[in-house]
Amino acid sequence: MKKLTVFSLLFSLLVAWNSSAQTKIELTHQENAPIISKHIYGHFAEHLGKCIYEGFYVGENSTIPNSAGVRKDIIEALKELQIPNLRWPGGCFADTYHWMDGIGDLDKRPTIVNTWWGGTTEDNSFGTHNFLNLCKELGAEPYLSGNVGSGGVQELADWVQYTNFKGKSPMSDLRRENGKEKPWGVKYWGIGNEAWGCGGNMRAEYYVDIYRKYATFMSNADVDGGLYKIASGANDDDYNWTEVLMKNIPKSMLQGVALHHYTVIDWADKGPDIDFDEETYFKSMKQSWLMEELITKHTAIMDKYDAEKEVDLIVDEWGGWYDVDKEKSRGVLYQQNTMRDAMIAGMNLNIFNNHADRVKMANLAQTVNVLQAVILTDDEKMILTPTYHVMNMYKVHHDATLLPLTFNSPKYSYGEESLPALTVSASQNSENLTHISFTNIDAKSNHEITIDLNELDIKTISGSILTSTSLQEYNSFNNPSKITPKNFKDYTLKRGILTVSLPPFSVVVLKALQD
Ligand code: AHR
């Protein structure tokens, strides 16, 4: 008994010493360091649950203030976030969607049954014009996901002509008849979605030929630099999928290869959105961390066929996915958003930033009321989630130059297992402002880091932090500002050495001004 007590004491001292030990982060030099594409901060809006209908789109006759039927509060919140792009209309829905059903007179539009998500009947009132005009209003690039699974080559070729062609043609004339003289000039096109699953259950070998055929008939006319075509990519660690795509699609036809990875602990039992324990939290963090390994390994395959890095890796679906609480559910795949989601966002965005040489776009699933949403609505009420705040804090990295870092992260341990507790990324923008973002996923321990910033000649530092008193906390319709960024002061800058103390489950972003 006595021995045990001494042992426990020693153990506690060791843990305390370990958690107070400083981690040294080195800024490394890299000639031609990559730009962190702002498109890494992209979003995804599918016809699913209450994302489009009763989320974005309430219709022009709604009492909720709207612009052409889209909620003004959502538009304002997304403008503040400076969302660079928006992917639509799916997801799985995309391979069932026939774009022509969503144009022209409202009362003549056929209905569509959302077979993948809840079997609801939609009236097609939110269509191509609504989406592309919304993107224009948001200042975001549209990313259209084409129907390959159940649509034809001509149908997709026509959609391209309808949205992009300036001259006279059957499709551009139809667009004009529907009230849009000038084309939108849509650059980003997905050729199918999850072709290995809901997009047609294809084998990679079959899909590459399908891809080549569809891509052939999509005209580059009237888009500067031509269309940016994205192949439906691998599910998680299906490295063979990436290999077959890279080997068999000519680079001239392929600008991006997608990858989907969700933070889900078990597809058969995803666990609750709010009432999770630390064991479940740790499992979520472990799944989320897989993103680092997945990007590294898919990149290595791409490097084999494309050393010049002409083809980009596009993580066009990512985020946390939990069980829908049937009692509370406000729609298919509706879930609350806690500090766990803030950790997922902070960690993944740091991972994407640090892989900015290959990852050029990512799309969080999904924008409103679905999965790891940045916005939740309840009739006229709207709240911004912790994930929204992380995206907003990190937007300083948009199109800034990556400052590569090296360090050995302290561990976050649970039971016998451990994970790196910290992810960090840094960038310098065109105004010579340096930003460093830190995410400490450790549920219990503070971690202290130091960085020698002497070379950057930093004069002043300021910062913000997102944290809370428990991992399970969230913003509710009754308490929408429970979790919001606060000023952060727990750092010192002495003789060019920055020391920062990062509390458990926190996201911190620092701004460093040069002399
Ligand atoms: O984002 C929800 C679904 O997840 C999408 O429809 C699909 O592409 C993926 O499986």
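Just above sits the structure.
As the structure is a computational prediction, the values presented were derived from the model and not from experiment. (Residues numbered from 1 in each chain as written. Predicted model: local features only at pLDDT ≥ 70, side-chain atom pairs only at ≥ 80, totals over all residues. Heavy atoms only, no water.)

**Overview of the overall build of the protein chain**
Looking only at helices and strands, one finds 10 helices and 27 strands in the protein chain. For 515 residues, the compact-globule formula gives about 24 Å, and the C-alpha radius of gyration of the protein chain, at 23 Å, lands near that figure. When its C-alpha atoms are laid out on the principal axes, the protein chain stretches across 80 × 50 × 45 Å. Each of the 515 residues in the protein chain was classed as buried or not, and the buried ones make up 58%. Contacts in the protein chain between residues far apart in sequence, at least 24 positions, make up 76% of those at least 6 positions apart. Total accessible area on the protein chain stands at roughly 21600 Å², and carbon and sulfur atoms take up 50% of it. Side chains of the protein chain carry 48 positive and 66 negative charges; the gap between the two charge centres is 3 Å. (Helix = DSSP H or I, 4+ residues; strand = E, 2+ residues; numbered from the N terminus. Rg over C-alpha atoms; globule rule 2.2 N^0.38 Å. Buried < 20%, exposed > 50% of the residue type's maximum accessible area, 1.4 Å probe, protein only. Contact = heavy atoms within 4.5 Å. Areas by Shrake-Rupley, 256 points an atom, 1.4 Å probe, with all protein chains shown as cover. Lys, Arg positive; Asp, Glu negative; His and termini not counted. Charge placed at Lys NZ, Arg CZ, Asp CG, Glu CD.)

**Details of the sheet that holds strand E2 (residues 42–44)**
Around the barrel, which closes on itself, the 8 strands sit in the order E2-E5-E8-E9-E10-E11-E12-E13 with parallel pairing between neighbours. Here the strands of the sheet are splayed against their neighbours by 30° on average, with no regard to which way each runs. Inspection of the sheet shows E2 paired to strand E13 (residues 359–365) by 3 bridges, in the parallel sense. Looking across to E13, one finds that His-43 is bridged to Leu-364. In the packing of helix H3 (residues 128–138) onto the sheet, the strands contacted are strand E5 (85–88) and strand E8 (141–146), and the crossing angle to E5 comes to about 165°. Contacts between helix H6 (residues 204–216) and the sheet are confined to strand E9 (188–191) and strand E10 (228–235), with E10 contributing the most and set at about 165° to the helix. (Pairing = 2+ DSSP bridges. Axes fitted to C-alpha atoms, helices over the stretch in contact; angles between N-to-C directions.)

**Quick look at the packing of aromatic side chains**
Tallying each qualifying case throughout the model produces 23 aromatic pairs. Their ring planes at 65° and their centres at 5.3 Å tell us that Tyr-57 and Phe-126 sit as a pair that is edge-to-face. Taken together, the residues Tyr-57 in the loop between E2 and strand E3 (66–67) and Phe-126 in the loop between strand E7 (120–122) and H3 connect sequence positions 69 residues apart. An identical accessibility class is assigned to Tyr-57 and Phe-126; each is buried. Aromatic side chains Phe-282 and Tyr-412 sit 5.2 Å apart centroid to centroid with 65° between the ring planes, which places their arrangement in the edge-to-face category. Of this pair, Phe-282 sits in helix H8 (residues 278–305) while Tyr-412 sits in strand E18 (residues 411–414), placing them 130 residues apart in sequence. Across the pair, exposure class does not vary: Phe-282 and Tyr-412 are buried alike. (Phe/Tyr/Trp six-rings, centres within 6.5 Å; stacked < 30°, edge-to-face > 60°.)

**Considering the nonpolar core**
With 148 residues, the main nonpolar core has Phe-56, Tyr-281, Phe-352 and Phe-438 as its most contacted residues. By size, the runner-up hydrophobic cluster in this structure holds 7 residues, among which are Tyr-188, Tyr-228, Ile-230 and Met-361. (Core = buried A, V, L, I, M, F, W, Y, C linked by side-chain atoms within 4.5 Å.)

**Structural notes on the pattern of salt bridges**
This model, assessed by the stated rule, comprises 24 salt bridges. In this structure, Arg-71 engages Asp-73 in a salt bridge whose closest nitrogen and oxygen atoms are separated by 2.8 Å. Residue Asp-73 is classed as partly exposed on the basis of its relative accessible area, which comes to 26%. Connected through salt bridges with shared partners, the residues Lys-251, Asp-303, Asp-306, Glu-308, Lys-309, Glu-310, Asp-357 and Arg-358 form a single ionic network. (Salt bridge = Lys/Arg side-chain N within 4 Å of Asp/Glu carboxyl O.)

**Some remarks on the environment of Ser-219**
Here Ser-219 shows up in the loop between H6 and E10. Of the residues examined, Ser-219 reaches a relative accessible area of 38% and is grouped as partly exposed. It is 9.3 Å that separates the C-alpha atoms of Ser-219 and Asp-158, two residues lying 61 residues apart in sequence. Residues within four places of Ser-219 in sequence aside, it is in contact with Val-160 and Leu-227.

**Topic: the sheet that holds strand E23 (residues 458–466)**
Ordered by their spatial adjacency, 6 strands build an open sheet running E16-E20-E21-E27-E23-E24, and the pairing between neighbours is antiparallel. In this open sheet, the two edge strands, each paired with only one partner strand, are strand E16 (401–402) and strand E24 (486–487). Bridge count for strand E21 (residues 434–440) against strand E27 (residues 506–514) is 7 bridges, and the pairing is antiparallel. In the strand pairing of E27, Asn-440 is matched with Ser-506.

**Things to note about helix H7 (residues 239–248)**
All of the buried residues in H7 are Tyr-239, Trp-241, Thr-242, Val-244, Leu-245 and Met-246. On its buried side, H7 packs onto H6, E10, strand E11 (256–263) and H8.

**Things to note about the state of the cysteines**
Under the definition given, this model contains 1 disulfide. The disulfide that involves Cys-92 links it to Cys-198, with 2.2 Å between the sulfurs. Measuring the twist about the S-S bond at about -85°, one finds the Cys-92-Cys-198 disulfide to be left-handed. One end of the pair, Cys-92, is in the loop between E5 and strand E6 (112–114); the other, Cys-198, is in the loop between E9 and H6, with 106 residues separating them in the sequence. Accessibility expressed as a relative area gives 15% for Cys-198, which makes it buried. Free of any disulfide, Cys-51 has its nearest neighbouring cysteine sulfur in Cys-135, separated by 12 Å. Classification of Cys-51 as buried rests on a relative accessible area of 0%. (Disulfide = S-S within 2.5 Å.)

**Comments concerning the site of the ligand**
Lining the immediate surroundings of the ligand are 13 residues, of which Glu-46, Cys-92, Glu-194, Tyr-262 and Glu-317 lie closest. Between Glu-46 and the ligand, the recorded distance is 2.7 Å, taken from a side-chain N or O atom to an oxygen atom. A distance of 3.0 Å separates an oxygen atom of the ligand from a polar side-chain atom of Asn-193. For the ligand, the protein covers 94% of the area, taking 280 Å² as the surface of the free molecule. Considered class by class, the residues forming the shell around the ligand number 7 nonpolar, 3 polar and 3 charged. (Near = heavy atom within 4 Å. Polar contact = N/O pair within 3.5 Å; in protein donor to acceptor, adjacent residues only side chain to side chain. Nonpolar A, V, L, I, M, F, W, Y, C, P; charged D, E, K, R; others polar.)

Just geometry here; none of it tells us what the structure is for.
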